[in-house]
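# Understanding the architecture of this molecule
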Amino acid sequence: MNRRANDSSILSSILGLCVTLLASTAWLTGCSQGAPDAQQTAKAGSEAPVSAPPSNPERNAYFGAVHVHTSWSFDAYINGTKTTPQDAYDWAQGKEITNSGFGGKIQIQTPLDFYMVSDHAEFMGAMSQMSNPDSAIAKSKLGQSIASPDPVARMQTFAQILRDMSAGKVDPVLTDPALARTIWSEIVKTADANYHPGKFTTFAGFEWTSNPLKRNLHRVIVFRDTRHLPERVLSALDSEDPESLWKWMELQRGSGSTLLAIPHNANASDGRMFETVKFDGKPIDAAYNKARAANEPLYEISQIKGTSETHPSLSPNDEFANFEQWDYTLSADAERPTHRKGSFARQALLDGLAQDAKGNGHPLK
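The structure displayed is predicted, hence computed values, not measured ones.

### Side note on helix 9 (residues 242–254)
Compared with the 18 Å implied by 1.5 Å per residue over 13 residues, the 19 Å span of helix 9 between its first and last C-alpha is a close match. All of the buried residues in helix 9 are Pro242, Glu243, Leu245, Trp246, Trp248, Met249 and Gln252. Where the residues of helix 9 are buried, they touch strand 6 (204–208), strand 7 (219–223), strand 8 (259–263) and helix 10 (286–295). Sitting at the head of helix 9, Asp241 places a side-chain oxygen 2.9 Å from the backbone nitrogen of Glu243. Directly beyond the C-terminal end of helix 9, a positive phi value near 105° is found at Gly256.

This is how it looks when you write it as structure tokens:
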């Protein structure tokens, strides 16, 4: 779909806003109506006349989210989510939907300005086949465990899937390339169907869920529009190396796409998200830094699974850094990270400045 200029500018405004804030998933940092009129402000606080600044609509702040999972994601489904991407967009636009977790109805009080369903590329849509008793997954041993009436058994199944992913093992019943293409196509169609120019902006995207040895390297991938999208998205099952993701993103640009990646939950990476070596252990260099800066201009700094700005051990002289941390890796085994450096954005910015001083460029500007 060819987005109108005023809607694509929402992404530009989000970029400007979130770079300043180091980004958060919700981006609830203002109101879409813009700043109050300067002359009205002057009347309230002073008798002296003040000229209003020229109008600049791209300085508006917008409310929304781009890190949203539905029942088409394996983790959300196993943990009880029943909503579809359409349900998610309905909720974001202020419509009433059924609450998966506790039953009853839920409704947001103020509709959002933008939204994106970003279901996991890994096993995309596989769990949605559980509703079909004749599907391969519903008939499988894994599917029977997922459908168990015992919540402990379901969580144990979820834990085993996570362990297998981290170890590079995959149950073939979860990986059907044809299904992944179909589900991705439906995600894109649903985003377009809910796009209302000037009122509600949607994006197509997904989550790339690299989790080597239970160390979180997750990224949400956002496409500006839906004109030149791939038939199938990149999965961490294809490669867990962020450089592979960046190379894939560059290929999409060669096909006409505009896209960016937003890392999240470095606090659960055990030092790997912002480490100063590559995935293979070699030192990062100018080419690596240039690729990262080009592909990852934003960072999601806070969500329910923790905040990744800084840690008391990294900022001992900042009393505001001493807030309670969600201090675990994203595994099913309640493991705690042991490496702080490389897990938090503030230290990462300092390391980026050190790279820049060496002439290698700033990967995390």
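Still to come is the rest of the account.
### So, the environment of Phe323
With respect to the secondary-structure elements, Phe323 resides in the loop between strand 10 (306–307) and helix 11 (345–357). Contact partners of Phe323, with chain neighbours within four places excluded, come to Thr307 and Thr310.

### Things to note about the confidence of the model for the protein
Model confidence for the protein is summarised by a mean pLDDT of 86, while 86% of its residues fall at 70 or above. Within the model, pLDDT remains below 50 along residues 15–46, and this stretch shows 64 contacts once partners closer than five positions in the same chain are excluded.

### Observations regarding the packing of helix 9 against helix 10
Relative orientation of the contacting elements helix 9 and helix 10 amounts to 60°, with a least axis distance of 10 Å. Considering their axes alone, helix 9 and helix 10 lie oblique with respect to each other. Like other packed secondary-structure pairs, helix 9 and helix 10 cross with a definite hand, here left-handed. Across the interface between the two elements, Glu243, Trp246, Met249 and Arg253 of helix 9 pack against Tyr288, Ala291, Arg292, Ala294 and Asn295 of helix 10. Considering only residue class, the contact of helix 9 with helix 10 consists of five nonpolar, one polar and three charged.

### Observations concerning empty space enclosed by the protein
Tallying each qualifying case throughout the model produces three cavities of 30 Å³ or more. The space that makes up the largest cavity amounts to roughly 90 Å³. Along the walls of the largest cavity sit Leu217, Arg219, Asp241, Pro242, Arg272, Met273, Glu275, Val277, Lys278, Phe279, Tyr288 and Arg292, which together make up its complete lining. Class assignment for the residues of the lining of the largest cavity results in six nonpolar, no polar and six charged.

### Section: the packing of aromatic side chains
Each aromatic ring pair is characterised by the separation of its centres together with the angle its planes make. With the rule as written, the count across this model stands at 11 aromatic pairs. Aromatic side chains Tyr89 and Tyr115 sit 6.0 Å apart centroid to centroid with 75° between the ring planes, which places their arrangement in the edge-to-face category. With Tyr89 in helix 4 (residues 85–92) and Tyr115 in strand 4 (residues 114–115), this residue pair connects regions lying 26 residues apart in the sequence. Among the residues examined, Tyr115 registers a relative accessible area of 7% and is labelled buried. Where Trp326 meets Tyr328, the ring centres are 5.3 Å apart and the plane angle is 65°; that geometry is what we call edge-to-face. Joined through ring pairs, the aromatic side chains of Tyr89, Trp91, Tyr115 and Phe200 make up one cluster. Directly above the aromatic system of Tyr77 lies the positively charged group of Lys82, at a separation of 4.9 Å from the ring centroid.

Conventions used here
Residues numbered from 1 in each chain as written. Predicted model: local features only at pLDDT ≥ 70, side-chain atom pairs only at ≥ 80, totals over all residues. Heavy atoms only, no water. Helix = DSSP H or I, 4+ residues; strand = E, 2+ residues; numbered from the N terminus. Expected span 1.5 Å × (residues − 1). Buried < 20%, exposed > 50% of the residue type's maximum accessible area, 1.4 Å probe, protein only. Contact = heavy atoms within 4.5 Å. Polar contact = N/O pair within 3.5 Å; in protein donor to acceptor, adjacent residues only side chain to side chain. pLDDT = per-residue confidence, 0-100. Axes fitted to C-alpha atoms, helices over the stretch in contact; angles between N-to-C directions. Parallel < 35°, antiparallel > 145°, perpendicular 65-115°, else oblique. Left-handed = near helix turned anticlockwise from the far one by under 90°. Nonpolar A, V, L, I, M, F, W, Y, C, P; charged D, E, K, R; others polar. 1 Å grid on protein atoms, 1.4 Å probe; cavity = no way out; pocket = protein on both sides within 12 Å on 5 of 7 lines; lining within 4 Å. Points joined across faces, edges and corners; volume = space filled by probe spheres on them. Phe/Tyr/Trp six-rings, centres within 6.5 Å; stacked < 30°, edge-to-face > 60°. Lys NZ or Arg CZ within 6 Å of the ring centre and 35° of its normal.

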